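The primary structure of each chain is shown beneath.
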Amino acid sequence: MANGDLMARARAGDSEAFRELTQPYWWELQVHCYRMLGSFQDAEDALQDTLLAAWGGLAGYGERASIRTWLYRIATTRCLNARRTASRRPVKEWDVPEVTPPQPTRLGEVVWLQPIPDAALPGISDLPLGPEARYERNESISLAFVTALQALPPRQVAVLVLRDVLGFHAGEVAEMLDTTVDAVNSALKRARAGLQRHRDSVVNREPAPPAGSSGEDAIIARFVRAFEANDIDALVALLTDDVFISMPPLPFEYEGREAVAGFWSAVFAVGRRVDLIATRANGQPAFGTYLHTPNGIRHGTGLIVLTLSADRICAMTRFENNMLPWFGLPRSLRNE
């Protein structure tokens, strides 16, 4: 339960006591909001709304549940409201100069997806999980998992994340959502089935090498060499047969080695010289992309996140350059 002295001071209007009471949960609440909303920016907004609501609702906190559970209830409600009422970001038209992309395999629906910097995931391995959690921590913040969640109805997302990711008991989730245990169990069953339909293609993939391992380092080094040299053959050699590329907020998606090779061939064909600056997103290797220009400036053009399977790349997700500051990367660099 909450520290009695801190709670009393917070209820008396002491904002510093409220901060001390809630700050240990801020980062995990933001990750929770990110899973539900698929947008780092929206998750930051939802966290602020949660803290404002908690500050204003301290009188109604009866301490029947822990302060952590109470905050999760508020955060989940804010995210459900956001999912129901917010207009998702519109799709963007192709705007890469001189590059004409091939016909996409399909048009994606989850164009509001954003990456989350690993720097925003401190202590992810120390996050307290309930006994009913079903997902590994790293898997539960991967781009593939977060994307699949966005295809589910909002209430199903809430139930699945609270039960299967965080491991709350069905009774706790029912209380958070003001519903019954039977309703929670029914929603969880539908959510699991819906999630599985979106994840069937990745179930049998070989796992990625551990972060920071020699295996991961070797793939990253080969990718950087191929990409910076515009070497399409070397890049294609790194791809799995079912490799997939998406680029929110652009709806274009390419699936399969041939389709992805066609896309990168179109990009490389114009002779653009690009440098990659390494970072990490969603527990995965990522790179800021910087385009060389004649005026001696390398302009940041986007962020690429890789999904690995064994010693190959099975997915590539390209984001806009407005993501770069979130990762501590500059908008531009001087040519070397």
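Residues numbered from 1 in each chain as written. Predicted model: local features only at pLDDT ≥ 70, side-chain atom pairs only at ≥ 80, totals over all residues. Heavy atoms only, no water.

### What about the packing of helix α3 (residues 26–37) against helix α6 (residues 143–150)?
For any two helices packed against each other, one specifies the inter-axial angle together with the distance between the axes. Two elements in contact, α3 and α6, have axes whose closest approach is 7 Å; the angle formed by their N-to-C orientations is 60°. Between α3 and α6, the angle falls in the class oblique. Of α6, the residues touching α3 (which contributes Tyr 34, Arg 35, Met 36 and Leu 37) are Leu 143, Val 146, Leu 149 and Gln 150. The residue inventory of the contact of α3 with α6, partitioned by class, reads six nonpolar, one polar and one charged. (Axes fitted to C-alpha atoms, helices over the stretch in contact; angles between N-to-C directions. Helix = DSSP H or I, 4+ residues; strand = E, 2+ residues; numbered from the N terminus. Parallel < 35°, antiparallel > 145°, perpendicular 65-115°, else oblique. Contact = heavy atoms within 4.5 Å. Nonpolar A, V, L, I, M, F, W, Y, C, P; charged D, E, K, R; others polar.)

### Some details on the pairing of strand β6 (residues 297–309)
With eleven of its 13 residues buried, β6 lies for the most part within the structure. For strand β5 (residues 284–292) and β6, the ladder comprises seven bridges, and the chain directions are antiparallel. What sits directly across from His 292, in β6, is Arg 298. With antiparallel pairing between neighbouring strands as the criterion, β5 and β6 make up a hairpin whose turn holds four residues, including Gly 296 at a positive phi of roughly 85°. Sheet topology note: the β6/strand β8 (residues 332–334) ladder contains three bridges and is antiparallel. Residue pairing in the sheet places Arg 298 in a bridge with Leu 333 of β8. Pairing analysis gives seven bridges linking β6 to strand β7 (residues 312–319), with the strands arranged antiparallel. Counterpart to Leu 306 in the pairing with β7 is Met 316. What sits between β6 and β7 in their antiparallel hairpin is a turn of two residues, with Ala 310 showing a positive phi close to 55°. (Buried < 20%, exposed > 50% of the residue type's maximum accessible area, 1.4 Å probe, protein only. Pairing = 2+ DSSP bridges.)

### Describing unusual backbone geometry
Between Pro 248 and Pro 249 the backbone carries a cis peptide bond, its omega angle lying at 10°. Tracing the backbone shows Pro 249 in the loop between β2 (239–247) and β3 (250–255). At Glu 98, a residue that is not glycine, the phi angle is positive and equals roughly 75°. Of note, Glu 98 is situated in the loop between α5 (67–85) and β1 (106–107). At Asn 282, a residue that is not glycine, the phi angle is positive and equals roughly 55°.

### Here's the deal with the pattern of salt bridges
Inspection of every chain in the model, using the stated rule, returns 16 salt bridges. Where Lys 92 meets Glu 320, a salt bridge forms, and the shortest distance between an N and an O atom there is 2.2 Å. With Lys 92 in the loop between α5 and β1 and Glu 320 in the loop between β7 and β8, the pair connects residues that are 228 residues apart, well separated along the chain. Exposure remark for Lys 92: the relative accessible area of 26% places this residue in the partly exposed category. Notably, a salt bridge pairs Arg 205 with Asp 242, separated by 3.6 Å at the nearest N-O pair. In this pair, Arg 205 is assigned in the loop between α9 (181–199) and α10 (214–228) and Asp 242 in strand β2, connecting sequence segments 37 residues apart. Beyond isolated ion pairs, a larger network of salt bridges with shared partners links Lys 92, Asp 95, Arg 318 and Glu 320. (Salt bridge = Lys/Arg side-chain N within 4 Å of Asp/Glu carboxyl O.)

### Quick word on the packing of aromatic side chains
Any two aromatic rings considered together are summarised by their centre-to-centre distance and by the angle between their planes. Inspection of every chain in the model, using the stated rule, returns 13 aromatic pairs. With 6.0 Å between their ring centres and 5° between their planes, Trp 94 and Phe 252 make a pair best called stacked. Of the two residues, Trp 94 sits in the loop between α5 and β1 while Phe 252 sits in strand β3, which places them 158 residues apart along the sequence. Note on Phe 252: relative accessible area 17%, which makes it buried. Here a set of aromatic residues connected by ring pairs shows up, and it is made of Trp 94, Phe 223, Phe 227, Phe 252, Tyr 254, Phe 263, Trp 264, Phe 268 and Phe 287. (Phe/Tyr/Trp six-rings, centres within 6.5 Å; stacked < 30°, edge-to-face > 60°.)

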